[in-house]
Amino acid sequence: MALHETRRSFFKKSAVAGTAGAAILANFGSGLQAAVNNTPQSSNPSALRITDLKCAYYRGHGTHLFVKIFTNQDIVGYGEGMDAVDGTYNLVQGMGRMLVRRNPLDVNRLFEDIRRRGFFGGAQSGIYVAVMTAIDHALWDLAGKALGLPIYRLLGGKFRDKIRIYCDTAHGSAEPSAMAAEAVKVKNMGYSAIKFDLDWARDPHKLDAYNMTASPGEVERMVNQVAATREAIGPYVDLCLDMHGRYDLPSGIRVAQALEPYTLMWLEEPIPAENLNSYREITESTSTPIATGENHYLAHDFLKILENKAADIIQPDLHKCGGVGEGQRIGNLANLYYVPVGNHCVASPFGAMSAAHCCASFPNHLCQEWHGIGWADRWNTLIEEDPIIQDGYITVSDKPGVGVTLNEDAVKKNAVKGLPFFE
Ligand code: MG
């Protein structure tokens, strides 16, 4: 017998009990009804529907895009996009309208629908993919919350409990001793991998503002910095250097070869991202591992890097290149080529945890970036939980969805002025 029929027949019988039983009658079933009301609506995932999508922009490491997807069961999902998100408010709204009345559990299908809709509108790279990426993260967060599972479970489980972090840091001086001292400080914080920038726009040895050739003085400065740093941290801490695509092919080869004695984990973007034939030339010319990827999009771009043997390590930015689902596809694709993934990450701690779920889900993950050492106090306020990096690792959350809570009040403190804030 259905519950409501049971209650109806009881009420009929009770009606004859008169006013003496009125108080009992008024309260009958209230406890059960309250329990029903309090039962998480996530128990009905088939009826889950998206009702709205709102967004906010935060000024942190450049501009962060946060999207918030609402549903008919009071479950919301958050996602973050980075780097290629300035000026995207109308794009976000348009993609949001595409999602209304759809079931967010069809994550990959919704991602593909948005991608195909933009086939002639830029869906191969850039801001279109970055906005799709933020939405993808929010859909995975929603799906996890609706089903009561952490994202890594939805991805097929995890290969590791903790994600190794490499600390991107800065030193503010060309003195080799300054970089070495900063590296020792970071090593003593528990990090097993450290990254510095090698390019320096104000280098007095730079001979021309537009020519991309590293002068002998620039190369000497770079080598001296790296030599001092390697000596200071010893042989067992991984060291990465980033050139931000600001040099030409002969300079990239020259620097990569000059740094061979210092056993780098990688030399990053010695040349701009676009020409993979030139990347292959550098990669073939040196024993220094070459890395690229933060300016590439979707699995298609990474397939080209892998097929061209253009890099030793790929660096997808999981808040820009497609998101959690595409990130897993990229990771598994690289695994077929025995290429490790050291993902670029300049997102908030919320986004860093979301990326960590993805990085736990494929076998060949190497390490994930953290870029917040200079502003850790502000960075850590962006989630309501304690700081997620401990001793150089992020422990992947076992809570539903991303598993950490975006602090909207903290986001609002540095929201981009002139744009709606989750309205
Ligand atoms: Mg970089």
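Preceding block: the structure.
Notes on the structure follow. (Residues numbered from 1 in each chain as written. Predicted model: local features only at pLDDT ≥ 70, side-chain atom pairs only at ≥ 80, totals over all residues. Heavy atoms only, no water.)

### Points about the pattern of salt bridges
In step 1: Inspection of the entire model under this criterion finds 20 salt bridges.
In step 2: For Lys206, the salt bridge is made with Glu218, and the minimal N-O distance between the two is 3.9 Å. Of this pair, Lys206 sits in the loop between strand 5 (193–197) and helix 9 (216–233) while Glu218 sits in helix 9, placing them twelve residues apart in sequence.
In step 3: A residue is classified by how much of its surface remains accessible, and Glu218, at 0% relative accessible area, is buried.
In step 4: Each of Asp168, Lys195, Asp242, Glu268 and Glu369 takes part in salt bridges that share partners, so that together they form one network. (Salt bridge = Lys/Arg side-chain N within 4 Å of Asp/Glu carboxyl O. Helix = DSSP H or I, 4+ residues; strand = E, 2+ residues; numbered from the N terminus. Buried < 20%, exposed > 50% of the residue type's maximum accessible area, 1.4 Å probe, protein only.)

### Examining the coordination of the magnesium ion
In step 1: Protein coordination at the magnesium ion: the donors are Asp242 (OD), Glu268 (OE) and Glu294 (OE), at 2.0 to 2.2 Å from the metal.
In step 2: When the donors of the magnesium ion are listed by position in the chain, the intervening gaps give D-x25-E-x25-E. With Asp242 in strand 6 (residues 238–242) and Glu294 in the loop between strand 8 (290–292) and helix 12 (298–307), this residue pair connects regions lying 52 residues apart in the sequence. (Donors = N, O, S within 2.8 Å, 3.2 Å for Na, K, Ca; no water.)

### Re the side chain of Asp136
In step 1: Of note, Asp136 is situated in helix 6 (residues 126–147).
In step 2: Of the side chains with opposite charge, Arg329 lies nearest to the buried Asp136, which makes no salt bridge, at 5.7 Å.
In step 3: With near-sequence residues (within four places) excluded, Asp136 lies in contact with Val107, Phe111, Gly322, Gly323, Val324 and Gly325. (Lys, Arg positive; Asp, Glu negative; His and termini not counted. Contact = heavy atoms within 4.5 Å.)

### Section: the packing of helix 5 (residues 107–117) against helix 6
In step 1: One way to put it is that helix 5 packs onto helix 6 with a least axis distance of 10 Å and a crossing angle of 165°. In terms of their interaxial angle, helix 5 and helix 6 are classed as roughly antiparallel. Taken as a pair, helix 5 and helix 6 cross one another with a handedness that is right-handed. Here Val107, Asn108, Leu110, Phe111, Ile114, Arg115 and Arg117 of helix 5 come into contact with helix 6, specifically with Tyr128, Met132, Ile135, Asp136, Leu139, Trp140 and Ala143.
In step 2: Class assignment for the residues of the contact of helix 5 with helix 6 results in ten nonpolar, one polar and three charged. (Axes fitted to C-alpha atoms, helices over the stretch in contact; angles between N-to-C directions. Parallel < 35°, antiparallel > 145°, perpendicular 65-115°, else oblique. Left-handed = near helix turned anticlockwise from the far one by under 90°. Nonpolar A, V, L, I, M, F, W, Y, C, P; charged D, E, K, R; others polar.)

### A word on helix 13 (residues 324–336)
In step 1: The terminal C-alpha atoms of helix 13 lie 19 Å apart, and with 13 residues this matches the ideal 18 Å at 1.5 Å per residue to within 8%.
In step 2: Buried within helix 13 are the following residues: Val324, Gly325, Glu326, Gly327, Gln328, Ile330, Gly331, Leu333 and Ala334.
In step 3: Backbone geometry just after helix 13 places Tyr338 at a positive phi near 60°. (Expected span 1.5 Å × (residues − 1).)

### Let's talk about the pairing of strand 1 (residues 50–60)
In step 1: Both strand 1 and strand 2 (residues 62–71) contribute to a ladder of ten bridges, which runs antiparallel. Across the sheet, Tyr58 pairs through a bridge with His64, a residue of strand 2.
In step 2: The hairpin formed by strand 1 and strand 2 contains one residue between the paired strands. (Pairing = 2+ DSSP bridges.)

### A word on helix 9
Along an α-helix, residues three or four apart share an orientation, since each turn contains 3.6 residues.
In step 1: Between its first and last C-alpha atoms helix 9 spans 26 Å; for 18 residues at 1.5 Å apiece the expected length is 26 Å, and the two agree.
In step 2: For helix 9, every residue scored as buried is listed here: Gly217, Glu218, Val219, Arg221, Met222, Val223, Gln225, Val226, Thr229, Arg230 and Ile233.
In step 3: Those residues of helix 9 that are buried are in contact with helix 8 (176–188), strand 5, strand 6 and helix 10 (249–258).
In step 4: Trailing helix 9 by a residue or two, Gly234 shows a phi angle of about 80°, which is positive.

### Observations regarding the side chain of Thr88
In step 1: Looking at where Thr88 falls in the secondary structure, it is placed in the loop between strand 3 (77–82) and helix 4 (89–99).
In step 2: Within the local environment of Thr88, its side chain forms a polar contact with the side chain of Tyr57, the two groups lying 2.7 Å apart.
In step 3: Residues in contact with Thr88, not counting those within four places in the same chain, are Tyr57, Leu65, Ile127 and Val131. (Polar contact = N/O pair within 3.5 Å; in protein donor to acceptor, adjacent residues only side chain to side chain.)

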